[in-house]
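# Breakdown of the fold
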Amino acid sequence: MTDTTHTFRVEEQEAGCRLDKYVTDHIPDISRSRVQGLLKEELILVNQAPAKASQKLSTGDEIFCRIPPEREIQVQGQNIPLDIVYEDQDLIVINKPQGMVVHPAAGHEQDTLVNALLYYCGDLSGINGMLRPGIVHRIDKDTSGLLVAAKNDLAHIGLCNQWQGHHITRVYQALLHGVVAVSGGTIDAPIGRHPIDRKKMAVEPKHGRPAVTHYRVVNRYPEYTHVELRLETGRTHQIRVHMAYLGHPVAGDPIYGPKKNALHANGQVLHAQVLGFHHPRSGAYMEFTSPLPEYFQDLLRRLEQGGER
(Lines give C-alpha, C1' and ligand atoms only; values in the text may rest on other atoms or scores of the structure.)
Protein backbone atom coordinates (compact mmCIF):
# COMPACT_ATOMS: atom_id res chain seq x y z
CA MET A 1 0.00 0.00 0.00
CA THR A 2 1.18 3.53 -0.77
CA ASP A 3 0.87 6.79 1.13
CA THR A 4 -2.20 8.95 0.55
CA THR A 5 -1.90 12.73 0.29
CA HIS A 6 -4.36 15.56 0.85
CA THR A 7 -4.03 19.28 0.18
CA PHE A 8 -6.44 21.88 1.55
CA ARG A 9 -6.71 25.67 1.49
CA VAL A 10 -8.38 27.32 4.50
CA GLU A 11 -11.53 29.25 3.63
CA GLU A 12 -12.46 32.53 5.30
CA GLN A 13 -15.17 30.93 7.45
CA GLU A 14 -12.66 28.34 8.71
CA ALA A 15 -10.10 30.86 9.97
CA GLY A 16 -9.31 30.45 13.67
CA CYS A 17 -9.85 26.69 13.67
CA ARG A 18 -7.25 24.49 15.39
CA LEU A 19 -5.10 22.55 12.94
CA ASP A 20 -5.86 19.11 14.44
CA LYS A 21 -9.62 19.73 14.38
CA TYR A 22 -9.45 21.07 10.82
CA VAL A 23 -7.70 17.93 9.58
CA THR A 24 -10.06 15.52 11.38
CA ASP A 25 -13.03 17.43 9.96
CA HIS A 26 -11.67 17.26 6.40
CA ILE A 27 -10.31 13.72 6.21
CA PRO A 28 -12.87 10.93 6.73
CA ASP A 29 -12.25 8.24 9.36
CA ILE A 30 -9.09 9.77 10.84
CA SER A 31 -8.82 10.16 14.61
CA ARG A 32 -7.44 13.15 16.48
CA SER A 33 -4.73 10.92 17.99
CA ARG A 34 -3.70 9.75 14.51
CA VAL A 35 -3.46 13.37 13.38
CA GLN A 36 -1.30 14.24 16.38
CA GLY A 37 1.02 11.36 15.52
CA LEU A 38 1.34 12.59 11.94
CA LEU A 39 2.14 16.08 13.20
CA LYS A 40 4.94 14.74 15.38
CA GLU A 41 6.39 12.99 12.33
CA GLU A 42 6.08 16.27 10.39
CA LEU A 43 3.80 14.63 7.84
CA ILE A 44 1.30 17.49 8.13
CA LEU A 45 2.57 20.86 6.98
CA VAL A 46 1.07 24.35 7.04
CA ASN A 47 2.44 26.56 4.28
CA GLN A 48 5.19 23.96 3.75
CA ALA A 49 6.35 24.18 7.38
CA PRO A 50 5.87 21.81 10.36
CA ALA A 51 3.15 22.92 12.77
CA LYS A 52 1.63 22.11 16.16
CA ALA A 53 -1.80 20.58 16.72
CA SER A 54 -3.00 23.71 18.52
CA GLN A 55 -1.98 26.11 15.75
CA LYS A 56 -4.84 28.44 14.76
CA LEU A 57 -5.32 28.63 11.02
CA SER A 58 -5.67 31.74 8.88
CA THR A 59 -7.55 32.35 5.66
CA GLY A 60 -5.54 31.07 2.69
CA ASP A 61 -3.27 28.74 4.68
CA GLU A 62 -2.29 25.70 2.62
CA ILE A 63 -2.34 22.39 4.49
CA PHE A 64 -0.55 19.34 3.14
CA CYS A 65 -1.08 15.90 4.70
CA ARG A 66 0.81 12.70 3.87
CA ILE A 67 -0.70 9.63 5.48
CA PRO A 68 1.24 6.36 5.35
CA PRO A 69 -0.79 3.13 5.63
CA GLU A 70 -1.25 1.96 9.20
CA ARG A 71 0.72 -1.13 10.10
CA GLU A 72 -1.46 -4.20 10.30
CA ILE A 73 -1.65 -5.58 13.82
CA GLN A 74 -1.03 -9.30 14.18
CA VAL A 75 -3.10 -10.68 17.04
CA GLN A 76 -1.64 -13.77 18.68
CA GLY A 77 -2.62 -15.88 21.66
CA GLN A 78 -0.68 -15.43 24.89
CA ASN A 79 -0.57 -17.64 27.94
CA ILE A 80 -2.08 -15.13 30.38
CA PRO A 81 -4.02 -16.43 33.41
CA LEU A 82 -7.79 -15.94 33.21
CA ASP A 83 -10.32 -15.81 36.05
CA ILE A 84 -13.04 -17.90 34.36
CA VAL A 85 -16.46 -17.60 36.01
CA TYR A 86 -18.39 -19.76 33.51
CA GLU A 87 -17.71 -21.52 30.22
CA ASP A 88 -19.54 -23.75 27.73
CA GLN A 89 -19.37 -24.50 24.00
CA ASP A 90 -20.82 -21.10 23.07
CA LEU A 91 -19.48 -18.51 25.47
CA ILE A 92 -17.10 -17.71 28.28
CA VAL A 93 -17.58 -15.31 31.20
CA ILE A 94 -14.41 -13.71 32.55
CA ASN A 95 -13.72 -11.71 35.70
CA LYS A 96 -11.34 -9.10 34.23
CA PRO A 97 -8.74 -7.57 36.54
CA GLN A 98 -8.20 -3.82 36.77
CA GLY A 99 -5.47 -2.73 34.35
CA MET A 100 -6.13 -5.28 31.58
CA VAL A 101 -7.03 -3.92 28.12
CA VAL A 102 -9.86 -5.85 26.43
CA HIS A 103 -8.61 -5.96 22.84
CA PRO A 104 -5.45 -5.01 20.90
CA ALA A 105 -5.03 -1.61 19.28
CA ALA A 106 -2.18 0.37 17.82
CA GLY A 107 0.42 0.83 20.54
CA HIS A 108 -1.05 -1.91 22.71
CA GLU A 109 -0.89 -5.14 20.74
CA GLN A 110 -0.19 -7.66 23.50
CA ASP A 111 -1.22 -8.63 27.03
CA THR A 112 -4.92 -8.01 26.32
CA LEU A 113 -7.94 -10.10 27.18
CA VAL A 114 -8.26 -11.10 23.51
CA ASN A 115 -4.67 -12.39 23.48
CA ALA A 116 -5.46 -14.48 26.56
CA LEU A 117 -8.76 -15.78 25.14
CA LEU A 118 -7.20 -16.77 21.81
CA TYR A 119 -4.56 -18.82 23.65
CA TYR A 120 -7.10 -20.45 25.96
CA CYS A 121 -10.01 -21.04 23.57
CA GLY A 122 -8.14 -21.48 20.31
CA ASP A 123 -10.98 -19.86 18.36
CA LEU A 124 -13.62 -17.21 18.90
CA SER A 125 -16.47 -15.61 16.97
CA GLY A 126 -15.14 -13.74 13.94
CA ILE A 127 -17.95 -11.21 13.63
CA ASN A 128 -15.91 -8.31 15.06
CA GLY A 129 -12.87 -9.01 12.91
CA MET A 130 -9.28 -9.89 13.75
CA LEU A 131 -8.74 -7.31 16.48
CA ARG A 132 -11.87 -8.02 18.51
CA PRO A 133 -12.73 -11.70 18.01
CA GLY A 134 -15.53 -12.81 20.30
CA ILE A 135 -15.87 -9.42 21.95
CA VAL A 136 -19.56 -8.63 22.47
CA HIS A 137 -19.05 -5.71 24.86
CA ARG A 138 -16.13 -3.95 26.52
CA ILE A 139 -15.26 -2.55 29.88
CA ASP A 140 -12.50 0.01 30.25
CA LYS A 141 -8.92 -0.97 30.99
CA ASP A 142 -9.07 0.23 34.60
CA THR A 143 -12.59 -1.06 35.23
CA SER A 144 -12.60 -4.52 36.79
CA GLY A 145 -15.30 -7.16 36.64
CA LEU A 146 -17.48 -9.37 34.48
CA LEU A 147 -17.36 -9.63 30.72
CA VAL A 148 -18.76 -12.27 28.32
CA ALA A 149 -17.12 -13.33 25.05
CA ALA A 150 -18.63 -15.42 22.25
CA LYS A 151 -16.96 -18.55 20.96
CA ASN A 152 -19.01 -18.72 17.76
CA ASP A 153 -21.17 -16.53 15.54
CA LEU A 154 -24.46 -17.94 16.84
CA ALA A 155 -23.59 -16.88 20.37
CA HIS A 156 -22.23 -13.52 19.21
CA ILE A 157 -25.41 -12.62 17.31
CA GLY A 158 -27.66 -13.77 20.15
CA LEU A 159 -25.78 -11.78 22.78
CA CYS A 160 -25.48 -8.67 20.60
CA ASN A 161 -29.24 -8.69 20.00
CA GLN A 162 -29.79 -8.61 23.76
CA TRP A 163 -27.34 -5.71 24.15
CA GLN A 164 -29.01 -3.73 21.40
CA GLY A 165 -32.43 -4.43 22.91
CA HIS A 166 -31.22 -3.40 26.40
CA HIS A 167 -32.10 -6.83 27.83
CA ILE A 168 -28.84 -7.31 29.73
CA THR A 169 -28.54 -7.03 33.51
CA ARG A 170 -25.52 -4.93 34.46
CA VAL A 171 -24.80 -3.79 38.01
CA TYR A 172 -21.65 -1.91 38.99
CA GLN A 173 -20.05 -0.77 42.23
CA ALA A 174 -18.23 2.57 42.26
CA LEU A 175 -16.56 4.96 44.65
CA LEU A 176 -17.42 8.59 43.92
CA HIS A 177 -15.85 11.89 44.86
CA GLY A 178 -17.87 13.91 47.36
CA VAL A 179 -20.87 13.05 49.50
CA VAL A 180 -24.00 12.23 47.49
CA ALA A 181 -26.83 13.82 49.44
CA VAL A 182 -29.79 11.77 48.16
CA SER A 183 -30.18 8.02 48.68
CA GLY A 184 -30.48 7.32 44.97
CA GLY A 185 -31.90 8.39 41.65
CA THR A 186 -31.83 8.09 37.87
CA ILE A 187 -29.72 9.98 35.36
CA ASP A 188 -31.39 10.15 31.95
CA ALA A 189 -28.95 12.17 29.83
CA PRO A 190 -27.83 11.44 26.23
CA ILE A 191 -24.14 10.75 25.68
CA GLY A 192 -22.06 11.58 22.60
CA ARG A 193 -18.52 12.43 21.60
CA HIS A 194 -17.11 15.48 23.39
CA PRO A 195 -17.32 18.47 21.01
CA ILE A 196 -13.70 19.56 21.67
CA ASP A 197 -11.76 16.64 23.16
CA ARG A 198 -12.52 13.75 20.80
CA LYS A 199 -10.99 11.22 23.19
CA LYS A 200 -13.74 11.92 25.71
CA MET A 201 -17.48 11.43 25.83
CA ALA A 202 -19.91 13.97 27.26
CA VAL A 203 -23.58 14.59 27.97
CA GLU A 204 -24.83 15.91 24.63
CA PRO A 205 -28.58 16.72 24.75
CA LYS A 206 -28.83 17.49 21.02
CA HIS A 207 -26.52 14.97 19.37
CA GLY A 208 -26.03 12.26 21.99
CA ARG A 209 -27.57 8.78 22.12
CA PRO A 210 -30.03 7.90 24.92
CA ALA A 211 -28.30 6.86 28.14
CA VAL A 212 -29.92 5.91 31.45
CA THR A 213 -28.14 5.07 34.72
CA HIS A 214 -29.82 4.26 38.05
CA TYR A 215 -27.78 4.74 41.22
CA ARG A 216 -28.17 3.88 44.92
CA VAL A 217 -25.97 4.99 47.82
CA VAL A 218 -24.35 2.08 49.65
CA ASN A 219 -22.26 4.06 52.14
CA ARG A 220 -21.04 7.59 52.74
CA TYR A 221 -17.60 8.71 53.90
CA PRO A 222 -16.39 12.23 54.74
CA GLU A 223 -15.21 12.92 51.17
CA TYR A 224 -16.44 9.93 49.14
CA THR A 225 -19.58 7.91 48.47
CA HIS A 226 -19.84 4.20 47.67
CA VAL A 227 -22.68 3.61 45.19
CA GLU A 228 -24.32 0.78 43.29
CA LEU A 229 -25.27 1.50 39.68
CA ARG A 230 -27.62 -0.29 37.31
CA LEU A 231 -27.39 0.39 33.58
CA GLU A 232 -30.32 0.50 31.19
CA THR A 233 -28.06 1.39 28.26
CA GLY A 234 -24.40 0.78 27.53
CA ARG A 235 -22.81 3.88 26.06
CA THR A 236 -19.04 4.37 26.01
CA HIS A 237 -17.86 5.60 29.44
CA GLN A 238 -21.53 5.88 30.50
CA ILE A 239 -21.05 5.60 34.26
CA ARG A 240 -17.97 7.82 34.27
CA VAL A 241 -19.71 10.52 32.22
CA HIS A 242 -22.99 10.35 34.16
CA MET A 243 -21.31 10.49 37.55
CA ALA A 244 -19.24 13.50 36.48
CA TYR A 245 -22.46 15.09 35.19
CA LEU A 246 -24.01 14.43 38.62
CA GLY A 247 -21.11 16.36 40.15
CA HIS A 248 -19.56 13.28 41.73
CA PRO A 249 -17.00 11.77 39.32
CA VAL A 250 -15.69 8.27 39.91
CA ALA A 251 -12.72 8.30 42.27
CA GLY A 252 -9.40 7.76 40.55
CA ASP A 253 -10.78 8.67 37.11
CA PRO A 254 -8.02 10.71 35.40
CA ILE A 255 -10.23 11.79 32.48
CA TYR A 256 -13.55 12.83 34.00
CA GLY A 257 -12.47 13.51 37.58
CA PRO A 258 -9.93 15.66 39.42
CA LYS A 259 -6.33 15.40 38.24
CA LYS A 260 -5.15 14.98 41.84
CA ASN A 261 -5.58 11.37 42.94
CA ALA A 262 -5.75 11.63 46.72
CA LEU A 263 -6.54 7.92 47.14
CA HIS A 264 -3.64 6.87 44.90
CA ALA A 265 -6.00 4.56 43.04
CA ASN A 266 -4.71 2.86 39.88
CA GLY A 267 -7.47 4.25 37.68
CA GLN A 268 -11.19 4.66 38.25
CA VAL A 269 -12.65 2.73 41.19
CA LEU A 270 -15.36 0.96 39.20
CA HIS A 271 -16.29 -2.72 39.25
CA ALA A 272 -18.71 -4.63 36.98
CA GLN A 273 -20.26 -6.77 39.70
CA VAL A 274 -23.33 -8.42 38.12
CA LEU A 275 -23.86 -9.60 34.55
CA GLY A 276 -27.06 -11.32 33.45
CA PHE A 277 -28.33 -12.46 30.03
CA HIS A 278 -30.29 -15.19 28.28
CA HIS A 279 -28.14 -17.97 26.89
CA PRO A 280 -28.06 -17.52 23.09
CA ARG A 281 -28.65 -21.24 22.43
CA SER A 282 -30.94 -22.46 25.24
CA GLY A 283 -32.69 -19.19 26.09
CA ALA A 284 -32.20 -19.83 29.81
CA TYR A 285 -31.50 -16.75 31.93
CA MET A 286 -28.03 -16.74 33.50
CA GLU A 287 -26.67 -14.29 36.05
CA PHE A 288 -23.17 -14.03 37.47
CA THR A 289 -21.77 -12.05 40.39
CA SER A 290 -18.19 -10.98 41.02
CA PRO A 291 -17.18 -10.01 44.57
CA LEU A 292 -15.49 -6.67 45.13
CA PRO A 293 -11.82 -7.08 44.18
CA GLU A 294 -9.07 -6.53 46.72
CA TYR A 295 -8.10 -3.07 45.40
CA PHE A 296 -11.69 -1.86 45.94
CA GLN A 297 -12.01 -3.45 49.38
CA ASP A 298 -8.67 -1.99 50.43
CA LEU A 299 -9.83 1.54 49.55
CA LEU A 300 -13.05 1.05 51.52
CA ARG A 301 -11.09 -0.19 54.55
CA ARG A 302 -8.87 2.88 54.40
CA LEU A 303 -11.89 5.16 54.25
CA GLU A 304 -13.56 3.34 57.15
CA GLN A 305 -10.45 3.77 59.27
CA GLY A 306 -10.64 7.49 58.60
CA GLY A 307 -14.27 7.64 59.75
CA GLU A 308 -17.57 7.39 57.89
CA ARG A 309 -20.98 8.90 57.99
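Okay, so let's go over this structure. (Residues numbered from 1 in each chain as written. Predicted model: local features only at pLDDT ≥ 70, side-chain atom pairs only at ≥ 80, totals over all residues. Heavy atoms only, no water.)

## Details of the packing of aromatic side chains
- Per the counting criterion, the structure on display carries 4 aromatic pairs.
- For the ring pair Phe8 and Tyr22, a centre distance of 6.1 Å and an interplane angle of 80° mean the geometry is edge-to-face. Placement of Phe8 in strand E1 (residues 4-9) and of Tyr22 in helix H1 (residues 19-26) is noted, with a sequence separation of 14 residues between them.
- Taking the relative accessible area as the measure of exposure, Tyr22 reaches 2% and is therefore buried.
- Judged by centre distance (5.5 Å) and plane angle (35°), the ring pair of Tyr86 and Phe288 falls under tilted. Of this pair, Tyr86 sits in strand E5 (residues 84-87) while Phe288 sits in strand E15 (residues 285-289), and the two are 202 residues apart along the sequence.
- On the basis of relative accessibility, which here comes to 10%, the residue Phe288 falls in the buried class.
- A connected cluster of aromatic rings, assembled from ring pairs, spans Tyr86, Phe277 and Phe288. (Phe/Tyr/Trp six-rings, centres within 6.5 Å; stacked < 30°, edge-to-face > 60°. Helix = DSSP H or I, 4+ residues; strand = E, 2+ residues; numbered from the N terminus. Buried < 20%, exposed > 50% of the residue type's maximum accessible area, 1.4 Å probe, protein only.)

## Notes on the sheet that holds strand E3 (residues 49-50)
- Read across the sheet, 4 strands follow the order E1-E4-E2-E3 without closing on themselves; strand pairing throughout is antiparallel. Looking at the sheet topology across the chains shown, the edges are occupied by E1 and E3.
- Inspection of the sheet shows E1 paired to strand E4 (residues 62-67) by 6 bridges, in the antiparallel sense. Bridged to Thr4 within E4 is Ile67.
- In this fold H1 packs onto E1, strand E2 (44-46) and E4, with an angle of close to 65° to the strand it touches most, E4. (Pairing = 2+ DSSP bridges. Contact = heavy atoms within 4.5 Å. Axes fitted to C-alpha atoms, helices over the stretch in contact; angles between N-to-C directions.)

## A few points about the nonpolar core
- Among the nonpolar cores identified, the biggest contains 38 residues, and Tyr172, Leu229 and Ile239 are the most heavily contacted of them.
- Membership of the second largest hydrophobic core comes to 20 residues, among which are Tyr22, Val35, Cys65 and Ile67. (Core = buried A, V, L, I, M, F, W, Y, C linked by side-chain atoms within 4.5 Å.)

## Topic: the layout of surface pockets
- The volume enclosed by the second largest pocket comes to roughly 930 Å³.
- Every residue lining the second largest pocket is counted, 34 residues in all, and those nearest its centre are His137, Arg138, Gly234, Arg235 and Thr236.
- Contributing elements (two or more residues each) for the lining of the second largest pocket: helix H4 (153-164), strand E8 (169-177), strand E10 (191-193), helix H5 (238-246) and strand E14 (270-278).
- Partitioned by chemical class, the residues of the lining of the second largest pocket number 15 nonpolar, 12 polar and 7 charged. (1 Å grid on protein atoms, 1.4 Å probe; cavity = no way out; pocket = protein on both sides within 12 Å on 5 of 7 lines; lining within 4 Å. Points joined across faces, edges and corners; volume = space filled by probe spheres on them. Nonpolar A, V, L, I, M, F, W, Y, C, P; charged D, E, K, R; others polar.)

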